[in-house]
Amino acid sequence: MNNVIIGTAGHIDHGKTTLIKALSGIETDTTLEEKERGMSINLGFAYFDLPSGKRCGVVDVPGHEKFIKNMLAGVSGINLVLLLVDVREGIMPQTREHIDILSLLGIENYIVVVTKIDLVDDEYRELVVEDIKEFIKGTSLENSPIIEVDSISKKGIPKLLETIDTKTEDIAKIKESKNARLNIDRSFQVRGFGTVVTGTLLEGTISVGDELAIYPHNKRTKVRSIQVHSEDVQTAFAGQRTAINLSNIKFEDTRRGYTLATPDTLTKTYMVDTEISIINNSEYNLELWDRVRVYIGTTEVMARVVPLGIDTLEAGDKGFVQLRLEEEIAVKNYDKFIIRTYSPMITIGGGVILDVNPNKHSRFNEEVLSKLKIQSEGNIQDLIANYLLSSHSYLADMEDISKNLEQSEEAVAKELSNLLSAGSVYKIDNQYIHSKKYDDIKEKMLNVVEDYHKKFKLKIGIPKVELLSKFKINSKDIALLIELLIINKELKITNNFVSLWNFEVKYDSKQLMEKNRIEKQLLSAKFTPPSIKDLTKGVRAINEVLDSLIGNSIVKLDEDLVLHMDIYNDAVTKVTNHFEKEEQMTLAEFRDMTGSSRRYSMAILEYMDKQGITRRVENYRVLNK
Ligand SMILES: Nc1nc2c(ncn2[C@@H]2O[C@H](COP(=O)(O)OP(=O)(O)OP(=O)(O)O)[C@@H](O)[C@H]2O)c(=O)[nH]1
Ligand SMILES: [Mg+2]
């Protein structure tokens, strides 16, 4: 792992800032107030090099319980935590609260640092270390190394550096992502430069010149320059502490809590479905309409609680909750957050977002609960099926799926092929549809076609454009769905008329007689057919028979003229042959080829133009390529 961000944690005055100074030489308590009061109020930032040469970024957090909000803004993006314990005091309230918060956020890598060992004797120190070991049993810190230091004389610091080096070797690689995201933890104005924001780049890369969006207001900005650990760089990578100089943006539009990200990659929302865990020793429960503080990324918002499938979440419980937020946030599925009570402010739990864009649910809806369960378990195959089933459109392509589920296209492709062979999903032209949605659209479509057949018994089918117009689905998707139904032998298409797969026009004997007569007459008339009026003698029943043959054995050239299909095909062959030798064809040439008149030739060629076979240029025609 190349980029490591180390965070501090621990009770007030336990020596976090002093340790960071011992490691990096950087004093992170920078404000006058911090210096005068001898405590950290806001986040501090530093960096240092490990014995292996690796450079680490550091976020130093305040320990005072009043500033937990700042501490929470600092932990976004941290991958190793130094949990500090003052040897004279042992585990204290904020030691516990920080451990709770970090565990709820899913942070897995810790080093416990026992500080101020110069102030006690060896026996006392050993007792405290034993106590700490006892305390971390069963927590996410169990098995973490415990290092003892005196940050003033730097005793134990080399050992700590070595331990950090080994610890950071096996930290899992940050998830690859094309899209950049950085939760802003500071923003300031630099004379002559304009606006600068800082934060840990959580995913993706940011390069000079990139156009990015600031969420949640979604204003666009451009990257003018980038610094990583005080050095100018062209590109910042995921996992780096980054300072970005932005152009085209007002300073007021950047502040802690906002997010800098690739445009159109986060969802702005006032409501999220989540799974929340309540800490084991919480004195507070979560009940319907409780007002809580939600800390997500570097922001804090108020929210109302709507438990789903459960009435109350008590200490140690884990359950689904819809959060109704009082301000808009911009997030992704699987983002983690912390919940604190409104007043007094106490950490009671934390969770993960399962749906960034849900509806309001009735609280005990089985379908909703089972979907959330699938989201929570995170099995990719189920997630894909879930997504295809609940997305607003019928069809989705691979890019769409992998973007929404934040999975690689490779993983999605593998699972899709499993779903295809299991028959849970259908594929058409690189688009996928869930079998339940397929069944739904199939039923609707077959009903429309069947109704048409009932109404127009002698017509070979419903014109395709008419069928398309019956559905309020974008025309490209509906055309693909028709194609899929044809492939699956539910529908068939003849010259742009759609019918049920098994449908055949059935004539009675009288109609059959008329059919034969019309076809024979048209065949023998070749390129000079009688008009429709002459063929039907204006009789409605005959007209119906003639109508039924359109697209089948005859071609309708215009309102007056029809041609036998064989004759028309013959004309097409003649024209194609002509263009094998010639570039152009005049109306007269066509007339001579077919032995017809000018009037007929014009109608036939105009029809061929409409069919896209030929194209008119000035007073001649060319092959339409
Ligand atoms: N003797 C001794 N003093 C220490 C050591 N580490 C810290 N101190 C002192 O302990 C006091 C508090 O240290 P800080 O580093 O400010 O503590 P902190 O954890 O950053 O405090 P907050 O940020 O306010 O939570 C300071 O006076 C330090 O000089 C140590 O290892 N040995
Ligand atoms: Mg401090």
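In short, a report on the structure. Not measured: the values here are computed from a predicted model. (Residues numbered from 1 in each chain as written. Chains lettered and ligands numbered in written order. Predicted model: local features only at pLDDT ≥ 70, side-chain atom pairs only at ≥ 80, totals over all residues. Heavy atoms only, no water.)

### With respect to the overall build of the chain
(1) Moving on: A count of helical and extended segments in the chain gives 19 helices and 35 strands.
(2) Moving on: The C-alpha radius of gyration computed for the chain amounts to 36 Å, which surpasses the reference 25 Å derived for 625 residues by more than 25%, pointing to a less compact arrangement than a globule.
(3) Moving on: Each principal axis of the C-alpha atoms in the chain carries an extent, and together these give about 120 × 55 × 40 Å.
(4) Moving on: The buried share among the 625 residues of the chain stands at 51%.
(5) Moving on: Considering only residue pairs separated by 6 or more positions, the chain has 66% of its internal contacts joining residues 24 or more positions apart.
(6) Moving on: Computed over 82 positive and 94 negative side-chain charges, the separation of the two mean positions in the chain equals 8 Å. (Helix = DSSP H or I, 4+ residues; strand = E, 2+ residues; numbered from the N terminus. Rg over C-alpha atoms; globule rule 2.2 N^0.38 Å. Buried < 20%, exposed > 50% of the residue type's maximum accessible area, 1.4 Å probe, protein only. Contact = heavy atoms within 4.5 Å. Lys, Arg positive; Asp, Glu negative; His and termini not counted. Charge placed at Lys NZ, Arg CZ, Asp CG, Glu CD.)

### Focus on the site of ligand 1
(1) Moving on: Residues in contact with ligand 1 amount to 17 residues; listed here are only the nearest, K16, T17, T18, S40 and S151.
(2) Moving on: G63 is positioned with one of its backbone polar atoms (N or O) 2.8 Å from an oxygen atom of ligand 1.
(3) Moving on: Protein coverage of the free-state accessible area of ligand 1, which is 650 Å², stands at 81%.
(4) Moving on: Residues belonging to the shell around ligand 1 are distributed by class as follows: 5 nonpolar, 7 polar and 5 charged. (Near = heavy atom within 4 Å. Polar contact = N/O pair within 3.5 Å; in protein donor to acceptor, adjacent residues only side chain to side chain. Areas by Shrake-Rupley, 256 points an atom, 1.4 Å probe, with all protein chains shown as cover. Nonpolar A, V, L, I, M, F, W, Y, C, P; charged D, E, K, R; others polar.)

### What to know about the pattern of salt bridges
(1) Moving on: Throughout the structure, instances matching the rule amount to 35 salt bridges.
(2) Moving on: A salt bridge links E203 to R181; its shortest N-O distance comes to 3.2 Å. One end of the pair, E203, is in strand 9 (residues 194-203); the other, R181, is in strand 7 (residues 181-183), and 22 residues separate them in sequence. Grouping residues by exposure puts E203 and R181 together as buried.
(3) Moving on: Of the charged contacts, one joins R621 and D609 as a salt bridge, the two residues approaching to 2.7 Å between their closest N and O atoms. Highlighted residues: R621 in strand 35 (residues 620-623) and D609 in helix 19 (residues 598-610), separated in sequence by 12 residues.
(4) Moving on: Overall, the relative accessible area of 21% leaves D609 in the partly exposed class.
(5) Moving on: The network of salt bridges with shared partners includes R181, E203, K332 and D335. (Salt bridge = Lys/Arg side-chain N within 4 Å of Asp/Glu carboxyl O.)

Function cannot be read off these values alone, since they describe shape.
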